[in-house]
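# Structure at a glance
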Amino acid sequence: MNIGYMTMNNLQLPKEDTPKEMSQQSGGLLARDTKPQKPKKLEPRDRIAQYVSEIRKGRMELKNG
Amino acid sequence: MVDMPSPSFDRPIPGQSLTAELGSRPWQQPPQYTTVEEALEYYVPRLVNPELLPQLLDVMETGIPLTTIANAMQVAGVMEGKHSIDVGILIMPVLIETMAYLAEEADVEYETGSNKTVDSDLIDESRIALALSKSNIEPEEEIEEPMEEQSPEENILGGLMARRNKDGV
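Residues numbered from 1 in each chain as written. Chains lettered and ligands numbered in written order. Predicted model: local features only at pLDDT ≥ 70, side-chain atom pairs only at ≥ 80, totals over all residues.

## Here we look at the environment of Ala-49 of chain A
Residue and element names in this part refer to chain A. Rule in force here: Helix numbering and strand numbering both begin at the N terminus, where a helix is a DSSP run of H or I of at least 4 residues and a strand a DSSP run of E of at least 2. Partly exposed residues are those whose C-beta has more than 12 but fewer than 20 other C-beta atoms within 10 Å; with 20 or more the residue is buried, with 12 or fewer it is exposed, and the C-beta atoms are placed from the backbone.
Position of Ala-49 relative to the elements: it lies in helix α2 (residues 44-63). Judged by the 18 C-beta atoms lying within 10 Å of it, Ala-49 falls in the partly exposed class. The sequence separation of Ala-49 and Met-8 amounts to 41 residues, and the corresponding C-alpha distance is 9.8 Å.

## Considerations on α2 of chain A
Which entries qualify depends on this criterion: To estimate how far a helix should extend, the number of its residues minus one is multiplied by 1.5 Å. Throughout, the arc means that of the directions going from the helix axis to the C-beta atoms. Once C-beta atoms are placed from the backbone, any two residues with those atoms within 7 Å are in contact.
Along its 20 residues, α2 of chain A runs 28 Å from first to last C-alpha, staying within 8% of the 28 Å computed at 1.5 Å per residue. Where α2 of chain A is concerned, the buried positions are Ile-48, Val-52 and Arg-59 of chain A. The buried residues of α2 of chain A all sit within an arc of 30° when viewed along its axis, so they share a single face. Among the exposed residues of α2 of chain A, those pointing more than 90 degrees away from its buried face are Lys-57 and Glu-61 of chain A. Those residues of α2 of chain A that are buried are in contact with α1 (36-47) and α4 (85-105) of chain B. In the stretch just after α2 of chain A, Gly-65 of chain A is the one whose phi turns positive, near 80°.

## Some thoughts on the confidence of the model for chain B
The predicted coordinates ought not to be read in detail in places where the model reports low pLDDT. Where we set the bar: A residue's pLDDT is the predictor's confidence in that residue, given on a scale from 0 to 100.
Averaged over every residue, the pLDDT of chain B is 83; the share at 70 or more is 80%. Our summary of model confidence lists the complex with pTM equal to 0.65 and ipTM equal to 0.73.

## As for the interface of chain B and chain A
When the parts come together, some accessible area is lost, and that loss is often what is quoted as the size of the interface. What counts here: Amino acids outside the nonpolar list (Ala, Val, Leu, Ile, Met, Phe, Trp, Tyr, Cys, Pro) and the charged list (Asp, Glu, Lys, Arg) are all regarded as polar, and Gly is one of them.
At the junction of the two partners, chain B supplies 24 residues and chain A supplies 22 residues. Here the element with the most residues in the side of chain B that touches chain A is α4 of chain B; it accounts for 13 residues. Considering only residue class, the side of chain B that touches chain A consists of 12 nonpolar, 8 polar and 4 charged.

As structure tokens, this is what we get:
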């Protein structure tokens with residue numbers, strides 16, 4: 001049983017989030033609060049997936065010139 | 001004949017765990033690094049160490065998969081009491097990816113050891129389906145060709161023991 005193989009195959013890389021365009025909302029007194037939400041605290045495996053994704057991105061850039 | 005599995009001798013001797021005082025082994029103590037970040041801060045500088053890097057690249061060039069190297073590294077870390085086995089398993093993908101990066105930087109051929117081929121030119125099937133759904137183009141459906149029905153006359157066997165037909169043939 002190759003644990004490294006299993007960890008790599010079970011790794012779920014984060015999807016690239018496209019920033020949502022801010023719609024033109026009214027800024028009236030009764031308007032919805034538009035404060036940016038606090039970033040979620042990621043689980044360790046999500047953080048690992050993020051690190052892997054960053055390194056892989058760098059590797060692909062290196063590979064493709 | 002039943003194929004019996006061969007006995008495995010690569011196991012600890014019964015009672016081996018009782019040959020040392022409980023807590024005297026490094027892995028029986030609280031780990032030194034408790035988070036994945038701390039553990040990576042321990043490993044990554046070692047990987048990129050110019051004194052150790054050539055040896056690591058040589059090992060990679062011999063064809064040993066990166067998954068095996070990373071596993072050996074993290075098991076050694078657990079045995080030294082550096083981190084828990086959970087942290088070790090969690091950081092393995094980062095170690096593998098870092099080693100792959102170093103190998104490509106040094107232009108060394110390596111084997112990842114996992115089935116997943118990481119190639120930016122390969123497009124995921126789910127992405128293709130998503131693109132097709134956005135463009136409103138339906139994927140080509142496979143046209144099933146109708147099976148040719150055999151006429152009952154063709155099924156008549158012509159053997160010696162075959163049943164005779166109406167004509168007596």
